[in-house]
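# Remarks on the overall topology
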Amino acid sequence: MASVFEVLRRAENGLYIKEHDFDMKLFKTTSGLVKEHGIKFNKDLAVAKDDKMADSIFEAGLRLATEMGMFSTDTSRIIEFSEQELLQALRLAPQEMVLGLGKDARVLRARRFGDGYPMIVCGGCPGTPLPEELFLPVMMSYAREPLIDLLIPGSLTKIEGMDVTTGGPLEIRACRQEMIWVREALERSGRPGLHIYAAGESSATELGTLAICNDRYMRTSDSHMIPVLSELKTDNKRLSRVMTGYEYPAFTTSLINPIIGGFGGGPEGAAIVLAAAIMLATAAYRVDMHCLHPIHNKYISVSTKQAMWVDSVVGRAFARNAPVALLADAWTTAGAGTQEILYETAALAIAQETSALHTDSLGATNGVYPNCSGLEARFFGEVAHAVFEQKLGPEEANDLVLRLFALYEHGFEDPNLGMPFPEVYDVKLIEPKAAWLDTYERTKDAIAQMGVDFR
Amino acid sequence: MKHHANDDTLKRITEAMVALETDAVPKLAEDALGSGYPAQSIVDALTVGINTVGEKFEAMEYFLPDLIMAAGAMDESMDILRAALTRDDVAVGKKGTIVLAQVQGDIHDIGRNIMTAMLRAAGFTVHDLGHDLKPDLIIDKALDCNADVIGLSSLLTTSLPFAEQVPRLLVARDLRARFQVAMGGGAVTPEYAVRAGADGYAENAGAGVKLMHQLVAGR
Ligand code: B12
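None of the values given here were measured: they were computed from a predicted structure. (Residues numbered from 1 in each chain as written. Chains lettered and ligands numbered in written order. Predicted model: local features only at pLDDT ≥ 70, side-chain atom pairs only at ≥ 80, totals over all residues. Heavy atoms only, no water.)

## Things to note about the pairing of strand S18 (residues 325-328) of chain A
Residue and element names in this part refer to chain A. For the record, the criterion: Any residue under 20% of the maximum accessible area for its type is buried, any over 50% is exposed, and the rest in between are partly exposed; the area is computed with a 1.4 Å probe on protein chains only. Strands are runs of DSSP state E lasting at least two residues, helices are runs of H or I lasting at least four, and both sets are numbered from the N terminus onward. Two strands qualify as a pair provided that DSSP identifies no fewer than 2 bridges between them. Whether a crossover is right-handed depends on one test, that the path from the first strand over the helix to the second runs clockwise when the strands point away from the viewer.
Where burial is concerned, the two faces of S18 agree: the one with Ala325 and Leu327 and the one with Leu326 and Ala328 are both buried. Note that strand S16 (residues 289-292) and S18 share four bridges and pair parallel. Of the residues in S18, the one forming a bridge with Cys291 is Leu327. Of the pairings in the sheet, the one linking S18 to strand S19 (residues 358-360) comprises two bridges and is parallel in character. Its bridge partner lying in S19, Ala328 is registered against Thr359. Tracing the backbone out of S18, into helix H11 (residues 339-353) and back to the parallel element S19 gives a crossover that is right-handed.

The following block contains the structure:
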């Protein structure tokens, strides 16, 4: 398996190619693989059930990863991997990790179908810009939810009233403050050992990650994130995060955003690109787990059928062929306080739980507005656990997801963004206000009627 | 010789564009010009074709690379037709010149790629400056390209401070009246664009094309 230094060497000396040519080659190669394997997205399927197609996507992903490699945008070189290197990296990927400390620790597994374990639920509002005065209460609203197993921070965009700028000195301060407040939120909720996932969300560069590599901030039982650039690319800033993790033994997770309608083509191509990116990130970044986040080129949200299917079929592909820990983002169009967000939440929870995925949190309003709260994360956990207990198969899961989809579909064109945190929660008591709780209870009843057994 | 839109030669140009025969399109435009078709009628045929490509992209029948290739074929064809258009005294094919840049520190580029392709398809000359350019350098490049509009894309709240530097530096350099400034990308809201001193904002690529028409016309 290529060492970190070997990866850097390949980034310097690999085959030279213009970025545009790399993009076009990726499109051609992916389209060819879609045809060759006869992969077809069916608009009536948000939850994949076809094992053969899932296996084809794994095969095609492996071919794409070997044929393309990973492009370094700083050096215009390709970091190549042989098929054997990729498969070996997958084999060596951790199958079980203890995340967090003491009584609050959770075991994150590379899921397989029928292994008897439910998903791990990560809660939080990844990267959502939060004002200083809201940061702690918002984080506490998640920390208090017992069904949340891991916590992902929002982003601090101001410090002492000053804008945090990308690559500027305040990124250091913002990330440290982020960690201090997330930890405080956990301590005050009686869960001091809970794992902090993707620590250092307040920094878009490697500065923040470097700044928190210290037990006072990001513990070695927490994790930080190393994005793959879309599609199948990296750069020195990303590789610097890899290097940051080289001697600081916190966990690492990738972030992969294949664009549906982008250089990979439609949902079929995006699924192959996602599979290839998981393989490449495992080999090049040596991450312990992956965050999957397909983007619909028009509606962005993961609650689109296309994006749910991409996650689902890739979850199936890896669970069957090379289990690794996959956490799928569950990003909604609607925001807190609305019925729509709960329908989107339920659909995503069902699709992910029945596709051998874990979840990496619910990004309300696609992570744009602070219209988020712990309550919708609680709901995610409740639905996911219910369908796990019910042993829902992919077919029944798909039926439910499609019925839910019909209830929130209108929001893609005309989003119901809901309300900011202080309007849906009592900020002092950190409890949902009556109206939000009422919407939640009514929607939960409606979903129970549809066949989700919450007992 | 027939010169109306139902004409086979012109229809073939439109069809070739819609079918993404991007190598054939400039050649067909050149042949049509050679056999005496007015340049404007060829531009119209190309435009009908590329609009359909744009619609197919929005409907996810075509993908970003298709759009990029179609926009490239449009660009090449316009290069061939430009001299004839000027000679015929038709308003020159190009709608205006735009520089697009991702603001400093922000590496998101999908939205900018789409915006670039859609604007090229709509007949604008677009210089995609890429990412990580300091605000002052974006202005230098806009001057170099003799741009009408500076388009700024930002998906990161923490890069917005660099976006608002552009209008401020334009004022400081006594160039504010020289350029129109447009902003877009996930982190930008209409309210923010106003506060930052931009001349326009669009929330998606379709609206972005309309906005650029307005901004260029308003100069
Ligand atoms: C894909 C993605 C990535 C990919 C980017 C791949 C790529 N090559 O672009 C990767 C994984 C690399 C990535 C990295 C990061 N990302 Co990111 N990412 C996204 C995501 C999920 C989708 C963005 C996207 O492509 N949308 C689809 C396109 C089509 O839409 P669009 O860009 O908005 O463009 C359209 C319009 O806005 C408009 N438009 C765009 N530009 C312009 C310009 C003009 C002039 C006009 C008129 C119109 C216009 O037209 C476009 C077409 O319709 C967003 C979520 C979101 N809500 O947007 C987060 C998001 C933007 N990312 C975010 C963050 C925090 C990050 C990271 C810091 C994560 C990390 N911890 O490392 C890094 C940043 C690295 C950096 N320095 O930039 C945050 C930003 C929060 C904020 N407000 O600051 C978001 C909102 C998600 C979140 N909450 O975490 N990300």
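Here the narrative resumes.
## Examining the sheet that holds strand S7 (residues 150-152) of chain A
Residues and elements named next belong to chain A. Here we have eight strands laid out as an open sheet, ordered S11-S7-S5-S19-S18-S16-S14-S12, and parallel in their pairing. Either end of the sheet is taken by a strand with one partner, and the two such strands are strand S11 (195-196) and strand S12 (223-227). Bridge count for strand S14 (residues 251-256) against S16 is four bridges, and the pairing is parallel. The residue of S16 that forms the bridge with Leu255 is Cys291.

## What about the side chain of Ser141 of chain A?
Residues and elements named next belong to chain A. Formally: Within 3.5 Å is the distance limit for a polar contact, defined as a pair of N or O atoms, with the added protein rule that one can donate a hydrogen and the other accept it, and that residues adjacent in sequence qualify only through two side-chain atoms. Every residue pair with non-hydrogen atoms within 4.5 Å of one another is taken to be in contact.
Its place among the elements puts Ser141 in helix H5 (residues 132-143). A polar atom in the side chain of Ser141 sits 3.0 Å from the backbone nitrogen of Gly374. The contacts of Ser141, once residues within four sequence positions are left out, are Ser373, Gly374, Phe421, Tyr425 and Ile430.

## Focus on the interface of chain A and chain B
Heads up, the condition is: Summed over both partners, the accessible surface that disappears when two parts come together, traced with a 1.4 Å probe, is what is meant by buried area. Think of a salt bridge as a Lys or Arg side-chain nitrogen and an Asp or Glu carboxyl oxygen that are within 4 Å of each other. Gly counts as polar in this scheme, as do all residues outside two lists: the nonpolar Ala, Val, Leu, Ile, Met, Phe, Trp, Tyr, Cys and Pro, and the charged Asp, Glu, Lys and Arg.
The interface is formed by 27 residues belonging to chain A together with 23 residues belonging to chain B. Between chain A and chain B lies a buried interface of about 2000 Å² when both sides are counted; carbon and sulfur atoms form 71% of it. The largest per-residue losses of area from chain A upon contact with chain B belong to Phe27, Thr166 and Phe263 of chain A, which jointly make up 25% of the total buried on that side. One can count zero salt bridges joining chain A with chain B. Inspection of the region where chain A meets chain B yields three residue pairs in polar contact (both at pLDDT 80 or more). Sorting the residues of the side of chain A that touches chain B by element identifies helix H2 (19-37) and strand S15 (259-260) of chain A as the ones contributing at least two each. Among the elements that line the side of chain A that touches chain B, the one with the most residues is H2 of chain A, at four residues. Each residue belonging to the side of chain A that touches chain B can be placed in one class, and the counts come to eleven nonpolar, eleven polar and five charged.

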